[in-house]
Amino acid sequence: MACLLSLPLLASGCRLRGAVEEIYVSQHLNAGVAAVQSGKTRRAAAELERVLEVAPEHAEARELLLTTLLQDKKYDEVIRVLGKRPPAARTVQDLFVLADASDRAGRLDDAEQFYREAVERAKGTPQYPVALNNFGYMLANRNRDLAESLRVLTEADRLMPNQGFIVDSLAW
């Protein structure tokens, strides 16, 4: 009988914990947004990291944190934040950001790996030509494999003809 009586209390405690977590997330998200708006990017990053500790899949907090870190050119931090996500949970956009941050941080092998994964994941989607373009541009810009760069950029142009950003990459 005591076990039956404790179940409603346990459920009530779980609901209370969930409500407290929601308040915590809301307070720190609001503090992070306010810090971003006032230009206090270090404080913003700390507040948004607190949100992600409790709610790791909170998209708004993650996007705002990544944007803030990218604006501050903290590429290693961007890689760290996105690196916490399981590889299977990473979106093509996550892979683009990881690749770009890796490139800017001078981690060219990592950048190439993330771009290749983005290209593979984007096949058959509207993001595929963009993935090809980004990958091809990185290869050309870093003089890594010009033959492969030309091949993937030509494929991007075939899939999305006469797009300025692709033509620009081909001309690079």
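Residues numbered from 1 in each chain as written. Predicted model: local features only at pLDDT ≥ 70, side-chain atom pairs only at ≥ 80, totals over all residues. Heavy atoms only, no water.

Engineer: What's the story with the overall build of the protein in this structure? I'm lost.
Structural biologist: Within the protein, the regular secondary structure consists of nine helices and zero strands. Seen through its principal axes, the protein has C-alpha atoms that stretch 75 × 40 × 30 Å. Put simply, the protein has 172 residues, and 35% of those count as buried. Expressed as a percentage of contacts within the protein between residues at least 6 apart in sequence, the contacts between residues at least 24 apart total 41%. With an accessible surface of roughly 10,100 Å², the protein has 56% of that area assigned to carbon and sulfur atoms. Distance between charge centroids for the protein: 4 Å, based on 22 positive and 24 negative side chains. (Helix = DSSP H or I, 4+ residues; strand = E, 2+ residues; numbered from the N terminus. Buried < 20%, exposed > 50% of the residue type's maximum accessible area, 1.4 Å probe, protein only. Contact = heavy atoms within 4.5 Å. Areas by Shrake-Rupley, 256 points an atom, 1.4 Å probe, with all protein chains shown as cover. Lys, Arg positive; Asp, Glu negative; His and termini not counted. Charge placed at Lys NZ, Arg CZ, Asp CG, Glu CD.)

Engineer: So what exactly am I meant to see when it comes to the layout of surface pockets here?
Structural biologist: Empty space among the atoms becomes visible once a probe the size of a water molecule is rolled across them. Put simply, the largest pocket is a space of about 180 Å³. What lines the largest pocket is Glu-49, Leu-52, Glu-53, Pro-56, Glu-57, Arg-62, Leu-65, Arg-80, Val-81, Lys-84, Arg-85 and Pro-86. Among the secondary structure elements, those contributing two or more residues to the lining of the largest pocket are helix 2 (41–54), helix 3 (59–71) and helix 4 (75–83). Here the lining of the largest pocket is composed, by residue class, of five nonpolar, no polar and seven charged. (1 Å grid on protein atoms, 1.4 Å probe; cavity = no way out; pocket = protein on both sides within 12 Å on 5 of 7 lines; lining within 4 Å. Points joined across faces, edges and corners; volume = space filled by probe spheres on them. Nonpolar A, V, L, I, M, F, W, Y, C, P; charged D, E, K, R; others polar.)

Engineer: Just checking my understanding: could you explain the environment of Phe-114 for this structure?
Structural biologist: Relative to the helices and strands, Phe-114 resides in helix 6 (residues 108–122). For the pair Phe-114 and Ser-26, spaced 88 residues apart in sequence, the C-alpha to C-alpha distance is 32 Å. Sequence-distant contacts of Phe-114, that is, excluding residues within four places in its chain, are made with Arg-90, Leu-95, Leu-98, Ala-99 and Ser-102.

Engineer: Honestly, the nonpolar core in this entry has me stumped. Any pointers?
Structural biologist: Note that soluble globular proteins tend to have their nonpolar side chains buried in a common cluster. Counting residues in each nonpolar core, the largest one holds 36 residues, and the members touching the most others are Leu-65, Val-78 and Phe-135. Within the residue set of this core, elements represented by two or more residues are helix 1 (2–37), helix 2, helix 3, helix 4, helix 5 (92–104), helix 6, helix 7 (128–141) and helix 8 (146–159). Counting residues per element, this core draws most heavily on helix 5, at seven residues. If we skip the residues at most four places from it in the chain, Phe-135 touches Glu-112, Tyr-115, Arg-116, Val-119, Glu-148 and Val-152. (Core = buried A, V, L, I, M, F, W, Y, C linked by side-chain atoms within 4.5 Å.)

Engineer: Could you clarify how one ought to interpret the packing of helix 7 against helix 9 (residues 164–171) in this entry?
Structural biologist: The geometry of a pair of packed helices is captured by two quantities: the angle between their axes and the separation between those axes. Two numbers describe how helix 7 lies on helix 9: the axes approach to 10 Å, and their chain directions differ by 25°. Between helix 7 and helix 9, the interaxial angle falls into the category roughly parallel. Note on packing geometry: the crossing formed by helix 7 with helix 9 is left-handed. Between helix 7 and helix 9, the contacting residues are Val-130, Asn-133 and Tyr-137 on the first element and Phe-165, Ile-166 and Ser-169 on the second. Among the residues forming the contact of helix 7 with helix 9, the class breakdown is four nonpolar, two polar and no charged. (Axes fitted to C-alpha atoms, helices over the stretch in contact; angles between N-to-C directions. Parallel < 35°, antiparallel > 145°, perpendicular 65-115°, else oblique. Left-handed = near helix turned anticlockwise from the far one by under 90°.)

Engineer: Would you explain helix 7 in this entry?
Structural biologist: Because each turn of an α-helix spans 3.6 residues, side chains separated by three or four positions in sequence point in the same direction. Under the 1.5 Å per step criterion, the end-to-end length of helix 7 is 20 Å for 14 residues, consistent within 8% with the ideal 20 Å. Along helix 7, ten of the 14 residues are buried, which leaves the element largely enclosed by surrounding structure. Within the span of helix 7, buried status applies to Tyr-128, Pro-129, Ala-131, Leu-132, Asn-133, Phe-135, Gly-136, Met-138, Leu-139 and Ala-140. The inward-facing, buried residues of helix 7 contact helix 5, helix 6, helix 8 and helix 9. Within two residues after helix 7, Asn-143 carries a phi angle of roughly 55°, on the positive side. (Expected span 1.5 Å × (residues − 1).)

Engineer: Whenever I open this one, the side chain of Asp-94 confuses me. Can you help?
Structural biologist: Positionally, Asp-94 belongs in helix 5. Accessibility expressed as a relative area gives 4% for Asp-94, which makes it buried. If near-sequence neighbours (up to four positions away) are discounted, Asp-94 is found in contact with Leu-82, Arg-85 and Ala-89.

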